Amino acid sequence: FHDSFPYLDPIHPALPNIGQEPSVTVFVPSLTPRGFYGGIATLLIVSGKLAEKLGYNYRIVQTSGFEKNTKVLEFLADNGIVIDKEKYETINVSNRGPDKFAYLPIHPEDVVVVSAWWDAFNANKLPLKNKFVYMIQDYEPIFYNNSDEQVFAEQTYHTDNFIPLCNTKLLYNFFAKDSYKYIRDNAICFEP
């Protein structure tokens, strides 16, 4: 299973570290400064604004690849979002596998934000006190015609453990008219 779907290897919950404060914890596949456009840029801006508004720490969990020097704080500052350097952390869980587990310390008040279906798949398995935010930026099953990945991606829309955040009214309308009752009835929609 790992050889075919390494990004579905579990992220295991861990008790919070001593003194750990609540954070907005954002799952991203990977962060390279040249990749701050489109969906990743929108995810960073929305989650950064949320952390700023709540006064929470801001954690980036890189799930598929790891870049240590990400320039996330500079990118956020360029977009009018100020996060103190002491309140920022990036965590690498991209190297998890059958012989190397990944643990994520979770504070009960953490707000988890994801946008990729495989990150939603993993966030759905965490014992979170609050629902996670699933920023739906496209209809991902369409990228994986007639495959296991299509089924996995589709499954992420049929739970009720998340707050659906639809990137555009057009996308929300697609989910609302199709058989996605939970998203239709609970989604928040915005235009980036």
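Just so it is clear, the structure is predicted and the values come from calculations on it, not from any experiment.

A closer look at helix H1 (residues 38-54)
Then, number 1: Between its terminal C-alpha atoms H1 stretches 24 Å, which fits the 24 Å expected from 17 residues at 1.5 Å a residue.
Then, number 2: Among all positions of H1, only Ile-40, Ala-41, Thr-42, Leu-43, Leu-44, Ser-47, Gly-48 and Ala-51 are buried.
Then, number 3: Phi turns positive, to about 75°, at Gly-55, one or two residues after H1.

Notes on the side chain of Asn-167
Then, number 1: Looking at where Asn-167 falls in the secondary structure, it is placed in strand E8 (residues 162-167).
Then, number 2: A relative accessible area of 8% means that Asn-167 is categorised as buried.
Then, number 3: Beyond its immediate stretch of four places on either side in the chain, Asn-167 contacts Thr-42, Ile-136, Gln-137, Phe-190 and Pro-192.

Remarks on the state of the cysteines
Then, number 1: Across all of its chains, the model carries zero disulfides by this definition.
Then, number 2: Take Cys-166: it sits in no disulfide, and the sulfur closest to it among the cysteines is that of Cys-189, at 6.2 Å.

Observations regarding the nonpolar core
Then, number 1: Counting 36 residues, the largest nonpolar core has Phe-27, Trp-117, Phe-132 and Tyr-134 as the members making the most contacts within it.
Then, number 2: Elements represented by at least two residues in this core include exactly strand E5 (102-105), strand E6 (111-114), helix H3 (117-123), strand E7 (132-136), helix H4 (148-155), E8, helix H5 (169-177) and helix H6 (181-186).
Then, number 3: Of all the elements, H3 adds the most residues to this core, at five residues.
Then, number 4: Non-local contacts of Phe-27, meaning those with residues more than four positions away in its chain, are made with Ile-11, Leu-43, Val-61, Thr-63, Leu-104, Val-112, Val-113, Val-114, Ser-115, Asp-119, Ala-123 and Leu-126.
Then, number 5: Listed in part, the 26 residues of the second largest apolar core include Ala-51, Ile-60, Leu-73 and Val-113.

Observations regarding the sheet that holds E8
The pairing of strands in a sheet happens through backbone hydrogen bonds and is either parallel or antiparallel.
Then, number 1: Across the sheet, which stays open at both edges, the seven strands sit in the order E4-E3-E2-E6-E7-E8-E9 with parallel pairing between neighbours. Edge positions in the sheet fall to strand E4 (88-92) and strand E9 (188-190), since each has one partner strand and no second. Put simply, the sheet's adjacent strands are angled 20° from each other on average, direction ignored.
Then, number 2: Taken together, the three bridges between E8 and E9 define a ladder with parallel strand orientation. Paired with Leu-165 across the bridge in E9 is Ile-188.
Then, number 3: Seen against the sheet, H1 touches strand E2 (23-28), strand E3 (57-62), E6, E7, E8 and E9 and runs at an angle of roughly 170° to E2.
Then, number 4: Along the sheet, H5 contacts E7, E8 and E9; its crossing angle with E9, the most-contacted strand, is approximately 145°.

As for unusual backbone geometry
Then, number 1: Although it is not a glycine, Lys-71 adopts a positive phi angle of roughly 60°.
Then, number 2: Mapped onto the elements of the fold, Lys-71 is located in the loop between E3 and helix H2 (72-78).

Quick look at the environment of Leu-128
Then, number 1: Relative to the assigned elements, Leu-128 resides in the loop between H3 and E7.
Then, number 2: Sequence separation between Leu-128 and Phe-36 is 92 residues; the distance between their C-alpha atoms is 28 Å.
Then, number 3: Contact partners of Leu-128, with chain neighbours within four places excluded, come to Ile-106, Val-112 and Ala-123.

Conventions and cut-offs
Residues numbered from 1 in each chain as written. Predicted model: local features only at pLDDT ≥ 70, side-chain atom pairs only at ≥ 80, totals over all residues. Heavy atoms only, no water. Helix = DSSP H or I, 4+ residues; strand = E, 2+ residues; numbered from the N terminus. Expected span 1.5 Å × (residues − 1). Buried < 20%, exposed > 50% of the residue type's maximum accessible area, 1.4 Å probe, protein only. Contact = heavy atoms within 4.5 Å. Disulfide = S-S within 2.5 Å. Core = buried A, V, L, I, M, F, W, Y, C linked by side-chain atoms within 4.5 Å. Pairing = 2+ DSSP bridges. Axes fitted to C-alpha atoms, helices over the stretch in contact; angles between N-to-C directions.

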